[in-house]
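Descriptive structure summary
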Amino acid sequence: MVKPRLYVHSAVSERIASLPARPWEVGGWLLGYSDEEEGAIVVTHATPPSHGTPFGIRISGRRHRRYFDLAWSASSGHVTFIGDWHTHPGGLATPSERDEEAMRQIAGDPDFGDGPTLIAIAVTGRWRRPASVETAFYVLENDAPVRLQPRRIDQLPAPADRVPMWR
């Protein structure tokens, strides 16, 4: 399998980079689409964060499904669930064992489909905001996470552009 190219909309990058310091993890869903012909994954939106604990977060559909439904409807099915994002306050931008298991669980879910499974991890301050927030993106390949280098995009295709950006 060839490593896909990753494109992340500037609003998603800016939202994650502006997260405040918190002693607990926060996270949400990544929405977008994959283009198999181009070998690309495009992150168009990120749902607003849910709160976890200092040691983890459960990102369930209960809080995020309504954003997915809105994106799916507004984009006529173009924008869909492609993974999740969450923070590691004061930690590293590498997947934990729990993160890797979550990626495998998503990839094995028949409702997810056969697209690539993506995860984004942002390193935020636990008590103070760092000078910058490091965000790393990983895709599941051969049952293991592989880091992708994101390319920033400022414009979305028309179907994805119809989906509002959330605060």
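A few points on the structure. (Residues numbered from 1 in each chain as written. Predicted model: local features only at pLDDT ≥ 70, side-chain atom pairs only at ≥ 80, totals over all residues. Heavy atoms only, no water.)

1. Regarding the pairing of strand β7 (residues 134-141)
Extensive coverage of β7 is indicated by the burial of 6 of its 8 residues. Pairing of strand β6 (residues 118-123) with β7, which is carried by 6 bridges, proceeds in the antiparallel orientation. Paired with alanine 122 across the two strands is threonine 135, which belongs to β7. Looking at chain direction, β7 and strand β8 (residues 144-148) are connected through 5 bridges and run antiparallel. The residue of β8 that forms the bridge with phenylalanine 137 is leucine 148. Linking two consecutive strands that pair antiparallel, namely β7 and β8, is a turn of 2 residues; a positive phi of about 50° is found at asparagine 142 within it. (Buried < 20%, exposed > 50% of the residue type's maximum accessible area, 1.4 Å probe, protein only. Helix = DSSP H or I, 4+ residues; strand = E, 2+ residues; numbered from the N terminus. Pairing = 2+ DSSP bridges.)

2. Considering the packing of aromatic side chains
Two aromatic rings are characterised by how far apart their centres lie and by the angle between their planes. Using the criterion set out here, one finds 3 aromatic pairs in the structure. Here tryptophan 29 and phenylalanine 68 contribute two aromatic rings whose centre-to-centre distance is 6.4 Å and whose plane-to-plane angle is 75°, an arrangement assigned as edge-to-face. Of this pair, tryptophan 29 sits in strand β2 (residues 26-35) while phenylalanine 68 sits in helix α2 (residues 61-74), and the two are 39 residues apart along the sequence. Neither residue differs from the other here; tryptophan 29 and phenylalanine 68 are each classed as buried. A ring pair is formed by tryptophan 29 and phenylalanine 81, whose centres lie 4.9 Å apart and whose planes are at 75°; its orientation type is edge-to-face. Taken together, the residues tryptophan 29 in strand β2 and phenylalanine 81 in strand β5 (residues 80-87) connect sequence positions 52 residues apart. Each member of the pair, tryptophan 29 as well as phenylalanine 81, is classed as buried. (Phe/Tyr/Trp six-rings, centres within 6.5 Å; stacked < 30°, edge-to-face > 60°.)

3. As for unusual backbone geometry
Of note in the backbone geometry, serine 76 takes a positive phi value of approximately 55° without being a glycine. Within the element layout of this structure, serine 76 appears in the loop between α2 and β5. Accessibility expressed as a relative area gives 64% for serine 76, which makes it exposed. One non-glycine residue with positive phi stands out, namely asparagine 142, at about 50°. In this fold, asparagine 142 is placed in the loop between β7 and β8.

4. Section: the pairing of β5
Burial analysis of β5 places 7 of its 8 residues in the buried class, the great majority of the element. As paired elements, β2 and β5 share 6 bridges and run antiparallel to each other. Bridge pairing in β5 places leucine 30 opposite glycine 83. Inspection of the sheet shows β5 paired to β6 by 5 bridges, in the parallel sense. From the neighbouring strand, aspartate 84 faces β6, where its bridge partner is isoleucine 119. In this fold, β5 hands off to helix α3 (residues 97-108), which returns the chain to β6; that crossover is right-handed. (Right-handed = clockwise from strand over helix to strand, strands pointing away.)

5. Considerations on the nonpolar core
Core analysis: the biggest nonpolar cluster contains 19 residues, and Leu6, Leu30, Ile41, Val43, Trp85 and Leu118 have the highest contact counts within it. Mapped by element, the contributors of at least two residues to this core are β1 (5-9), α1 (10-17), β2, β3 (40-46), β5, β6 and β7. Apart from residues lying up to four places away in sequence, leucine 118 is in contact with Leu6, Leu30, Ile41, Val43, Ile82, Gly83, Asp84, Phe137, Tyr138, Val139 and Leu148. Among the nonpolar cores identified, the runner-up in size contains 18 residues, and Tyr33, Ile59, Ala71 and Val79 belong to it. (Core = buried A, V, L, I, M, F, W, Y, C linked by side-chain atoms within 4.5 Å. Contact = heavy atoms within 4.5 Å.)

6. Considering the layout of surface pockets
There is about 940 Å³ of room inside the largest pocket. Along the walls of the largest pocket sit 33 residues, with Trp29, Ile59, Phe81, Asp84 and Ile106 positioned nearest its centre. Sorting the residues of the lining of the largest pocket by element identifies α2, β5 and α3 as the ones contributing at least two each. In terms of residue count, α3 provides more of the lining of the largest pocket than any other element does, 6 residues in total. (1 Å grid on protein atoms, 1.4 Å probe; cavity = no way out; pocket = protein on both sides within 12 Å on 5 of 7 lines; lining within 4 Å. Points joined across faces, edges and corners; volume = space filled by probe spheres on them.)

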